[in-house]
Every structure is written in structure tokens, then in C-alpha cells.
Amino acid sequence: MAKIIDGKIIAQGIKDEVREKAAKLFEATGVRPKLSVILVGDDPGSQVYVRNKEKACAEAGIETETHRLPASYDEKQLIELIKGLNAEQKVHGILVQLPLPKCFNEKEVLINVAPAKDVDGLHIENLGRLFAGQEPYFYPCTPSGIIRLILSTGAQIKGKEAVVVGRSNIVGKPTAMLLLGQHATVTICHSRTMNLGEIVKRADILVAAIGKAGTIKADMIKRGAIVIDVGMNRLPTGLAGDVDFEGAREVAGYITPVPGGVGPMTIAMLLSNTLTSAERFAGYR
Ligand code: NDP
């Protein structure tokens, strides 16, 4: 029976550390880390995510301000707002909650966030640095949270066979790059992959970031594998991952639950990145 990787507990450890360090930073420099969130439109999922981020920041001693803008907001004005925040000394992190309403050119908007304040780690410069094997200002939150979860098992990543299912810029591709950086042998699978089951079966480390409940079945998993389930699928029965959890836990060595696995880590890494940014701006690191 697989051991459960408890993302809530690991994330809480990171949040506690951020709170302590944020207090020390304030004591030493008078600087309080501040995250500026931009929420455009009224997507219910985004509203929940932003509220969760605001709450987590408050608990960790990070100040937030949220710019709630109507879906009809002008793109040029939005970019001006971002440029203003780039120049604002007291703002250390800028987060544009995605997805933006369809009428916005997401890439055009995001490229205007200063890479040094891109605490989501999704700016093209930060992703480019990651892909080029150079240190980005920030690692993207979900992928870096995934690496922390894998390392929490005590397993070595070096030399292991890792399979990432999903190739999005937010999760799949950067996670594969981070695993490669840790010297895993990495395969990326996607919707056109032939023989998905055979490839997944080779994985010592499996990351499922698909967005379709139950795609990864127990018989696809290598005995003893570390299984990280990123999927968040809203079903009538509640939230479900991409992995058949009940079946997979009979075979895997370690597995993350949904909810309570990757999700809490994403927020914890956002807090950690915002603190790092504030420390840098204060000349504290
Ligand atoms: P995307 O929809 O951008 O990407 C999904 C990927 O899965 C694509 O690369 C797609 O392939 C691939 N895929 C789809 N169907 C199959 C299939 N049957 N077999 C193999 N591959 C398939 O999603 P995201 O990467 O943004 O998110 C993935 C999941 O993770 C979602 O459930 C999302 O809600 C969740 N998520 C959770 C987070 C958290 O904090 N817990 C954070 C971010 C995301 P192709 O490229 O060919 O279309």
C-alpha cells in the first residue's frame, strides 16, 4: 500500500518558514513583502483561487492588494496598471490571475510583468532561463512544489526514469525541465502519445497533469513508483485527480491525494517566491 505524500503538511511547513522569515525581514529592514494580484472578470474558479491566495498571504505576514477589474476593462489600461506596479517600490510580486477573459491577449499582457516581480514564474524570460539551464528569478509555483513533494519522500531523483503526462507551459513542460535539472531521464507524454500505458509503466516518478479524471489507471503504474497527481477535476462527487487513486495506491510506493497534494504546494511556493522577491528588493539576500 502506497504511503500518502501529505501536501497540506509539507505546505504548512513552508508557510511557517515564510512567516518567520517575513517577520525577520520586517524587523531588520522595515520591509513587508507585498503581492499585488490582478483579477479580471468574474470567473468563479478564479475568485476562489484569489481568495485562497489572499488568505494564505495574510497568514504568512505578506501584504496583498487585489485589483478586481471588469471583463470589459481595456487591455492597454491593464498593461499600464502592470507597468505602474513594476515601478512601485512597495510591490514585490505581481500575479495576473489566469485565465484572462477571452477578449484579452494573455501573452501580450503577461510579457509586461517585470521578470524580477514575476512570482508565478511564468514570464517568458523566467521560463526561457529555466529551459536554458540558467537560474530564473523565480521557478514556476506548481512545478517547484511538485519537486518538493518528490524530494519529501527521501528518494533520489538522479538517474530515475520520470514520465510527465501533460505538456502545458504552466505544469507539464516546466516540471519536465526541473526533473531534467535533477538528472532524471524524462519523457513527456500528451494527447497524441501512442502506447501511453507502456510509457507510464516505465516511470519510477510519474507526474500526471492532464485535467481528465481517472486517465492513469492502476495497471499503468510501476510497482513502488512515486505518483504525483496534479489534476483537479470537478466531478459531481467532488474534486478528483487524473489518477485512479484507490487502484493506484495498491501499486505505487508513494502517492499524492487530490485534494491535499499538489494544490496546497502551489500556494506555498507563491508565498515563498514573494518573500524571496521582497528580500532581494530590500538587499537582504
Ligand atoms: P492543460 O489543459 O493546459 O494541459 C493538459 C495536458 O494534458 C496537455 O498537454 C494535453 O495534451 C494532455 N492530455 C490531455 N488528454 C490526454 C490524454 N488522454 N492522454 C495524455 N495526455 C493528455 O492543463 P494544465 O497543464 O494547465 O493542467 C492540468 C491539470 O492540472 C488540470 O486538471 C488543472 O486543473 C490542474 N492544475 C492543478 C494545479 C494545482 O495547483 N494543483 C495547478 C495547475 C493545474 P495536448 O498538449 O496534446 O493537448
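Residues numbered from 1 in each chain as written. Predicted model: local features only at pLDDT ≥ 70, side-chain atom pairs only at ≥ 80, totals over all residues. Heavy atoms only, no water.

A.B. asks: Please clarify how the site of the ligand should be interpreted in this entry.
C.D. replies: Neighbouring the ligand are 20 residues; Arg167, Ser168, Ser191, Met232 and Thr266 lie closest to it. Within the side chain of Thr266, one N or O atom sits 2.7 Å away from an oxygen atom of the ligand. Look at the ligand: alone it shows 930 Å² of surface, and the protein chains cover 71% of it. A class-by-class count of the residues in the shell around the ligand yields eight nonpolar, 10 polar and two charged. (Near = heavy atom within 4 Å. Polar contact = N/O pair within 3.5 Å; in protein donor to acceptor, adjacent residues only side chain to side chain. Areas by Shrake-Rupley, 256 points an atom, 1.4 Å probe, with all protein chains shown as cover. Nonpolar A, V, L, I, M, F, W, Y, C, P; charged D, E, K, R; others polar.)

A.B. asks: Whenever I open this one, the packing of aromatic side chains confuses me. Can you help?
C.D. replies: Aromatic ring pairs: the centre-centre distance and the angle between the two ring planes describe each pair. Taken as a whole, this structure holds zero aromatic pairs when the rule is applied. The side chain of Arg32 reaches across the aromatic face of Phe26, ending 3.9 Å from its centre. (Phe/Tyr/Trp six-rings, centres within 6.5 Å; stacked < 30°, edge-to-face > 60°. Lys NZ or Arg CZ within 6 Å of the ring centre and 35° of its normal.)

A.B. asks: For this particular structure, what's the right way to read the sheet that holds strand E3 (residues 63–69)?
C.D. replies: Hydrogen bonds between backbone atoms are what pair the strands of a sheet, whose relative direction is either parallel or antiparallel. If you walk across this open sheet you meet the three strands as E3-E2-E4, and the pairing is parallel. Looking at the sheet topology across the chains shown, the edges are occupied by E3 and strand E4 (93–96). Averaged over neighbouring strand pairs, the angle between their axes works out to 15° when direction is ignored. Here four bridges tie strand E2 (residues 34–40) to E4, and the two strands are oriented parallel to one another. The partner of Leu35 across the bridge, within E4, is Gly93. Each of E2, E3 and E4 is contacted by helix H3 (residues 75–87), which is oriented at about 175° to E2, the strand it contacts most. (Pairing = 2+ DSSP bridges. Helix = DSSP H or I, 4+ residues; strand = E, 2+ residues; numbered from the N terminus. Axes fitted to C-alpha atoms, helices over the stretch in contact; angles between N-to-C directions. Contact = heavy atoms within 4.5 Å.)

A.B. asks: Can you help me understand helix H10 (residues 262–281) in this one?
C.D. replies: A turn of α-helix holds 3.6 residues, and therefore any two residues three or four places apart point the same way. The terminal C-alpha atoms of H10 lie 29 Å apart, and with 20 residues this matches the ideal 28 Å at 1.5 Å per residue to within 8%. Looking at the residues trailing H10, positive phi occurs at Gly283, about 70°. (Expected span 1.5 Å × (residues − 1).)

A.B. asks: Where do I start with the sheet that holds strand E8 (residues 226–229) in this structure?
C.D. replies: Taken in spatial order, the six strands make up an open sheet running E1-E11-E8-E7-E5-E6, and their pairing is parallel. The sheet is open, and its two borders are formed by strand E1 (3–4) and strand E6 (185–189), each paired with just one other strand. For strand E5 (residues 161–165) and E6, the ladder comprises five bridges, and the chain directions are parallel. Along E6, the bridge assignment pairs Ala162 with Val186. Seen against the sheet, helix H6 (residues 141–151) touches strand E7 (205–208) and E8 and runs at an angle of roughly 150° to E8. Sitting on the sheet, helix H7 (residues 172–181) touches E5, E6 and E7, and the angle it makes with E5 is about 170°.

A.B. asks: Help me out: how do you make sense of empty space enclosed by the protein in this one?
C.D. replies: One water molecule sets the probe size; rolling that probe over the atoms shows where empty space is left. In the structure shown here, the tally under the stated rule is one cavity of 30 Å³ or more. The volume enclosed by the largest cavity comes to roughly 80 Å³. Lining the largest cavity we find Ile94, Leu95, Val96, Leu98, Leu110, Val113, Asp118, Asp120, Leu122 and His123. For the lining of the largest cavity, the leading source of residues is E4, giving three residues. A breakdown of the residues in the lining of the largest cavity according to their chemical character gives seven nonpolar, one polar and two charged. (1 Å grid on protein atoms, 1.4 Å probe; cavity = no way out; pocket = protein on both sides within 12 Å on 5 of 7 lines; lining within 4 Å. Points joined across faces, edges and corners; volume = space filled by probe spheres on them.)

A.B. asks: Just checking my understanding: could you explain H6 for this structure?
C.D. replies: Judged by how many residues are buried, H6 sits mostly within the fold: nine of 11 residues are covered. The secondary structure elements touched by the buried residues of H6 are helix H1 (7–29), H7, E7, E8 and H10. (Buried < 20%, exposed > 50% of the residue type's maximum accessible area, 1.4 Å probe, protein only.)

A.B. asks: Explanation requested: the pattern of salt bridges in the structure shown.
C.D. replies: Charged atoms that come close allow side chains of opposite charge to pair. Evaluated as defined, the whole model comprises 10 salt bridges. Of the charged contacts in the structure, one is a salt bridge between Arg202 and Glu161, with a shortest N-O distance of 3.0 Å. Pair noted here: Arg202 is in the loop between helix H8 (196–201) and E7 and Glu161 is in strand E5, with a separation of 41 residues, a long-range link. Close ionic contact of Lys222 with Asp204 constitutes a salt bridge, the shortest N to O distance being 2.7 Å. With Lys222 in the loop between E7 and E8 and Asp204 in the loop between H8 and E7, this pair connects stretches of sequence that are 18 residues apart. Residue Asp204 is classed as partly exposed on the basis of its relative accessible area of 21%. Linked by salt bridges that have partners in common, Lys34, Glu63 and Glu65 make up one network. (Salt bridge = Lys/Arg side-chain N within 4 Å of Asp/Glu carboxyl O.)

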